[in-house]
Amino acid sequence: MCTPAPKIEATASDYFAARIAEYDSLVRRAVPHYDELLDLLEVHFPKSARDIVELGCGTGTLSLRLARCYPDARITFIDAATEMLDVTRQRLIAEGTSRPDRFNLVAATFEDVELPDRQFDLITSNMALHHVIDKATLFQRIYDWLRPGGTLRFGDHVWGQTVGNREIGRTRWIAHCQSPGQLTEAELASLVQHRHQHDHYISVKEQFGIFERVGFSDPDCVWSDGNWAIYTAEKA
Ligand SMILES: C[S@@+](CC[C@H](N)C(=O)[O-])C[C@H]1O[C@@H](n2cnc3c(N)ncnc32)[C@H](O)[C@@H]1O
């Protein structure tokens, strides 16, 4: 009897939506220091923000932090997977808020979503933007959505500037995933296939080149371990 071939999802969002029940566990086992990375991203949030966008909210882990940090802000959450938005919505409701109307959950892709220009003080994201192939257009759109004085703060996958460094990063990640208590063989095989199909990494240097071409000022990489990074960039 033949073993059925693993299902191949058409998009990154389809992939995560199909694993929504185990997503929170999976991401913490697959990404070293996932929560610490979010802690550090939060440390770099601006003191105040009125209009915020989160790109790729997934199951709402960063979304809850935003809702707590900015109790009076209007926050737009964007994700292509309606299943993910449903979980985020439930978590925001469970958190309790006096003004649920301040949340706007939008089912759309980063590539196609329509947002007003010069509207937002803070645009943020965690581990989602690497799914977009055309980074120059994506970051131009993000820049246009920001108000003058607004800021972009996000965490994401990166890879090395050289083939050698990319290989070291990949080997370290596989070793992490194979260490006791992390991923099963099937989970690792599935994530490797997902990365191959749906992930489009760039190096920190390439990211800085995009920031510069688009017009961001004071771009910074405030943390990286070679596989993940946290960036800040300003719109003057
Ligand atoms: C790896 S998950 C990260 C979720 C969450 N930010 C976190 O830190 O756990 C990526 C999320 O981005 C969404 N996504 C991926 N590509 C997208 C795209 N092109 N447009 C909109 N959403 C996308 C997926 O549906 C998924 O919820």
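Scoring rules and cut-offs
Residues numbered from 1 in each chain as written. Predicted model: local features only at pLDDT ≥ 70, side-chain atom pairs only at ≥ 80, totals over all residues. Heavy atoms only, no water. Buried < 20%, exposed > 50% of the residue type's maximum accessible area, 1.4 Å probe, protein only. Helix = DSSP H or I, 4+ residues; strand = E, 2+ residues; numbered from the N terminus. Arc of directions from axis to C-beta. Contact = heavy atoms within 4.5 Å. Polar contact = N/O pair within 3.5 Å; in protein donor to acceptor, adjacent residues only side chain to side chain. Salt bridge = Lys/Arg side-chain N within 4 Å of Asp/Glu carboxyl O. Near = heavy atom within 4 Å. Areas by Shrake-Rupley, 256 points an atom, 1.4 Å probe, with all protein chains shown as cover. Nonpolar A, V, L, I, M, F, W, Y, C, P; charged D, E, K, R; others polar.

**Section: helix 6 (residues 135–145)**
- Turning to helix 6, its buried residues number three or more, namely Lys135, Leu138, Phe139, Ile142, Tyr143 and Trp145. Around the axis of helix 6, the buried residues are gathered within 165° of arc, so they sit on the same side.
- Looking at the buried positions of helix 6, the neighbouring elements they touch are strand 1 (51–55), strand 4 (120–126), strand 5 (146–157) and helix 9 (204–214).
- A distance of 3.4 Å separates the backbone nitrogen of alanine 136 from a side-chain oxygen at the start of helix 6, and that oxygen is part of aspartate 134.

**Describing the pattern of salt bridges**
- Overall, the coordinates contain twelve salt bridges when judged by the stated rule.
- A salt bridge links arginine 28 to aspartate 35, with the shortest nitrogen-to-oxygen separation between them at 2.8 Å.
- Here arginine 28 falls in the partly exposed class, since its relative accessible area comes to 32%.
- Arginine 153 is paired through a salt bridge with glutamate 234; the nearest N and O atoms lie 3.4 Å apart. With a gap of 81 residues between them, arginine 153 in strand 5 and glutamate 234 in strand 7 (residues 228–234) connect regions that are remote in the sequence.
- A network of salt bridges, in which partner residues are shared, links Asp51, Arg74, Asp121 and Arg147.

**What to know about the site of the ligand**
- Taken together, 19 residues are adjacent to the ligand, and Tyr23, Tyr34, Gly56, Asp79 and Asn126 come closest.
- Measuring from an oxygen atom of the ligand, one finds a side-chain N or O atom of aspartate 79 at 2.6 Å.
- Expressed as a share of its isolated accessible area of 600 Å², the protein-covered part of the ligand is 96%.
- Of the residues assigned to the shell around the ligand, the class counts are eleven nonpolar, six polar and two charged.

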